[in-house]
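# Fold and contact review
Here's the letter readout for the chains.
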Amino acid sequence: MRSTGFRRTFVALSVCSLALTACGSNDDDSASGKTRITVNCEPPKSAKVDRGFFEQDVASFEKQNPDVDVVAHDAFPCQDPKTFDAKLAGGQMEDVFYTYFTDAGHVVDIHQAADLTPYIKALKSYGTLQKQLRDIYTVDGKIYGIPRTGYSMGLIYNRKLFEKAGLDPDQSPATWDEVRADAKKIAALGGGTVGYADYSAQNQGGWHFTAELYSQGGDVVSADGKQATIDTPEGHAVLQNLHDMRWSDNSMGSKQLLVINDVQQMMGSGKLGMYLSAPDNIPILVKEKGGNYKDLALGPMPGGKGTLIGGDGYMFNKHDTPAQIRAGLKWLDHMFLTPGTGFLGDYARAKKADAPVGLPEPRLFTGTADAKDQQVKKANANVPVENYQPFLDGNHTLQLKIEPPDAQQIYSVLDGTVSAVLTKKDADIDQLLKDASGKIDSILARG
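Just so it is clear, the model here is predicted, and its values are computed rather than measured.

## Focus on the overall build of the protein
Looking only at helices and strands, one finds 17 helices and 12 strands in the protein. Computed over C-alpha atoms, the radius of gyration of the protein comes to 22 Å, within 12% of the 22 Å expected from 2.2 N^0.38 for 447 residues, which places it in the range of a compact globule. The principal-axis extent of the C-alpha atoms belonging to the protein is close to 75 × 50 × 40 Å. Approximately 18,200 Å² of the protein is accessible, and the part contributed by carbon and sulfur atoms is 50%.

## Regarding the nonpolar core
Nonpolar side chains in soluble globular proteins tend to end up buried together. Counting residues in hydrophobic clusters, the biggest one holds 73 residues, and the most contacted among them are Y196, F209, I230, L242 and M274. At nine residues, the largest contribution of residues to this core is made by helix α16 (residues 407–423). In terms of nonpolar packing, the next biggest core, distinct from the first, is built from 52 residues, I37, Y98, V107 and I325 among them.

## Things to note about the confidence of the model for the protein
In this model, the protein carries an average pLDDT of 92, and 93% of its residues clear a pLDDT of 70 or more. Considering only residues more than four positions removed or in separate chains, one finds that residues 4–25, a stretch of pLDDT under 50, has 96 contacts.

## Digging into the sheet that holds strand β9 (residues 272–277)
Strand order in this open sheet of four strands is β8-β9-β7-β10, and the pairing throughout is mixed. Edge strands, defined here as strands with exactly one partner in the open sheet, are β8 (194–196) and β10 (296–300). When strand polarity is set aside, the average angle formed by the axes of neighbouring strands in this sheet is 25°.

## Side note on the pattern of salt bridges
As enumerated under the stated definition, the model contains 15 salt bridges in all. The residue R51 makes a salt bridge to D74 at a minimum N-O spacing of 2.5 Å. One end of the pair, R51, is in helix α1 (residues 48–64); the other, D74, is in strand β2 (residues 68–74), and 23 residues separate them in sequence. Classification of R51 by relative accessible area gives buried; the value is 12%. Judged by its relative accessible area of 27%, D74 falls in the partly exposed class. Here D135 makes a salt bridge to K131, at a shortest N to O gap of 2.8 Å. Each member of the salt-bridge network shares a partner with another, and the members are E42, R51, E55 and D74.

## Topic: the side chain of S277
Its location among the elements puts S277 in strand β9. A residue is classified by how much of its surface remains accessible, and S277, at 4% relative accessible area, is buried.

## So, a negative patch on the surface
A cluster of acidic residues, D231, D426, D428, D430 and D435, forms a negative patch at the surface. Tracing the sequence through the fold places D435 in helix α17 (residues 429–446).

## Quick look at the environment of K330
When you line up the elements, K330 lands in helix α11 (residues 322–335). You can call K330 partly exposed: its relative accessible area is 40%. Spatially, the C-alpha atom of K330 lies 9.0 Å from that of N65, the residues being 265 residues apart in sequence. When neighbours within four sequence positions are excluded, K330 is seen to be in contact with F61, N65 and A122.

## Some points on the environment of A369
Mapping A369 onto the fold places it in helix α14 (residues 367–379). Separated by 241 residues in the primary sequence, A369 and T128 place their C-alpha atoms 6.3 Å from one another. When sequence neighbours within four positions are dropped, the list of residues in contact with A369 reads T128 and P339.

## Re the packing of helix α7 (residues 204–215) against α16
At a closest axis distance of 6 Å, the pairing of α7 and α16 adopts a crossing angle of 85°. It follows that α7 is roughly perpendicular to α16 by the angle criterion. Contacts from Q204, G205, G206, W207, F209 and T210 in α7 reach Y411, L414, D415 and V418 in α16. Broken down by class, the residue content of the contact of α7 with α16 amounts to five nonpolar, four polar and one charged.

## Some points on the packing of helix α8 (residues 233–248) against α17
The N-to-C vectors of α8 and α17 enclose an angle of 130°; their axes lie 10 Å apart at closest approach. As summarised for this structure, α8 and α17 are arranged oblique, according to the angle between their axes. By crossing handedness, the relation of α8 to α17 is classed as right-handed. Counted together, G235, H236, L239, Q240 and H243 of α8 and I429, D430 and L433 of α17 form the full contact between these two elements. Considered class by class, the residues forming the contact of α8 with α17 number three nonpolar, four polar and one charged.

## Describing α14
If you check α14, its first and last C-alpha atoms are 18 Å apart, about what 13 residues at 1.5 Å a residue would give, namely 18 Å. Every buried residue of α14 is listed here: A369, D370, D373, Q374 and K377. The buried residues of α14 occupy an angular sector of 125° when projected down its axis, which confines them to one face. Exposed residues lying more than 90 degrees from the buried face of α14 are T368, Q375, K378 and A379. Contact partners of the buried residues in α14: α13 (347–352).

Reading the values: the criteria
Residues numbered from 1 in each chain as written. Predicted model: local features only at pLDDT ≥ 70, side-chain atom pairs only at ≥ 80, totals over all residues. Heavy atoms only, no water. Helix = DSSP H or I, 4+ residues; strand = E, 2+ residues; numbered from the N terminus. Rg over C-alpha atoms; globule rule 2.2 N^0.38 Å. Areas by Shrake-Rupley, 256 points an atom, 1.4 Å probe, with all protein chains shown as cover. Core = buried A, V, L, I, M, F, W, Y, C linked by side-chain atoms within 4.5 Å. Buried < 20%, exposed > 50% of the residue type's maximum accessible area, 1.4 Å probe, protein only. pLDDT = per-residue confidence, 0-100. Contact = heavy atoms within 4.5 Å. Pairing = 2+ DSSP bridges. Axes fitted to C-alpha atoms, helices over the stretch in contact; angles between N-to-C directions. Salt bridge = Lys/Arg side-chain N within 4 Å of Asp/Glu carboxyl O. Patch = residues over 30% accessible without salt bridge, like charges linked within 9 Å, V, L, I, M, F, W, Y side chains within 5 Å. Lys, Arg positive; Asp, Glu negative; His and termini not counted. Charge placed at Lys NZ, Arg CZ, Asp CG, Glu CD. Parallel < 35°, antiparallel > 145°, perpendicular 65-115°, else oblique. Nonpolar A, V, L, I, M, F, W, Y, C, P; charged D, E, K, R; others polar. Left-handed = near helix turned anticlockwise from the far one by under 90°. Expected span 1.5 Å × (residues − 1). Arc of directions from axis to C-beta.

What follows is the structure, encoded as structure tokens:
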């Protein structure tokens with residue numbers, strides 16, 4: 001799953017009609033002296049601020065590169081899973097196209113991605129990007145895509161409720177036992193206050209089960225991708241902890257089968273102590289759900305062993321010419337991958353537009369590039385960055401793990417597992433894990 005998006009409002013994609021001319025273009029306009037590239041994930045007109053920023057950055061790129069013509073396509077969302085494969089197979093995909101991290105291997109497997117390896121020197125920033133993110137788009141030693149953003153899961157908590165419950169608001173719970181103990185104290189405040197909330201519907205329960213399993217040091221699928229690995233002590237611990245908080249402690253509230261909007265509403269209204277999310281939830285909690293930046297803090301994933309990461313990037317159409325690939329790589333550098341500038345990095349511009357600056361992610365760069373990016377971000381911060389320091393400090397020691405193969409199908413199975421634990425006091429955890437393992441094995445066998 002993606003998180004709520006790394007853009008300051010939301011990300012967007014052009015969905016070209018399959019009945020019309022193709023989005024992609026094999027004609028790079030070389031006869032006119034210009035290389036033409038089509039790109040997607042331009043914000044829609046309804047997102048006025050982001051749309052304006054995007055258009056400004058495309059215009060400045062074309063001014064600096066008069067031999068390149070960028071044609072951007074917009075719509076929402078950036079990638080529609082229902083049409084993604086059809087666009088690829090039908091030759092409808094843009095020359096430079098948006099993907100989730102989980103798409104990379106699939107696009108390569110079906111032979112729809114251009115090999116960028118011979119051209120990667122055209123991307124000046126490549127060596128500054130985090131290696132674990134670069135590796136997501138590297139298959140058998142060849143580079144097939146470029147990461148644009150990345151997120152990792154953490155624990156959002158309400159500082160005000162922590163204080164009321166006698167807890168230290170500067171110290172997030174480091175273990176799941178501490179989460180349970182803190183949730184119980186927060187729920188004891190009464191008045192409809194919930195200590196900890198979790199998703200259990202619309203595939204989101206399976207997504208969070210995966211994150212919680214990673215935090216315990218477990219895996220959903222074996223390293224070779226052929227077998228489920230949830231029926232383990234770690235998998236049992238995840239479900240047992242949820243069961244105990246729900247039924248023994250009554251710290252999760254009586255309403256279950258929650259999805260992200262439900263939980264965000266609870267947190268924004270000041271009635272929830274903690275839930276798992278990425279940093280990009282924070283501005284949504286403030287701007288859409290009634291929350292306050294000073295009351296919201298972020299800690300690393302409890303458990304101390306791992307965290308789920310996700311994000312997005314761009315891949316290139318297999319039909320692209322060498323000139324289009326080079327132009328597309330230069331465009332990515334200009335738009336997204338130069339610290340302190342561009343669509344995602346111009347923090348001064350974002351601050352003037354009253355967009356939140358200072359959230360701990362996305363953190364894409366390393367070394368001096370990261371230092372510069374963080375320096376510019378800090379100089380323009382308009383949110384309480386000290387509330388997120390525990391998250392930044394804690395992430396250094398966690399193993400960063402991407403979602404499993406066939407993630408959405410697997411999450412659908414695990415939704416049933418999590419929801420059973422949260423809605424049935426006598427749920428048989430061992431049987432639930434056994435049944436889910438069998439279903440996941442079948443999914444993997446078909447893949």
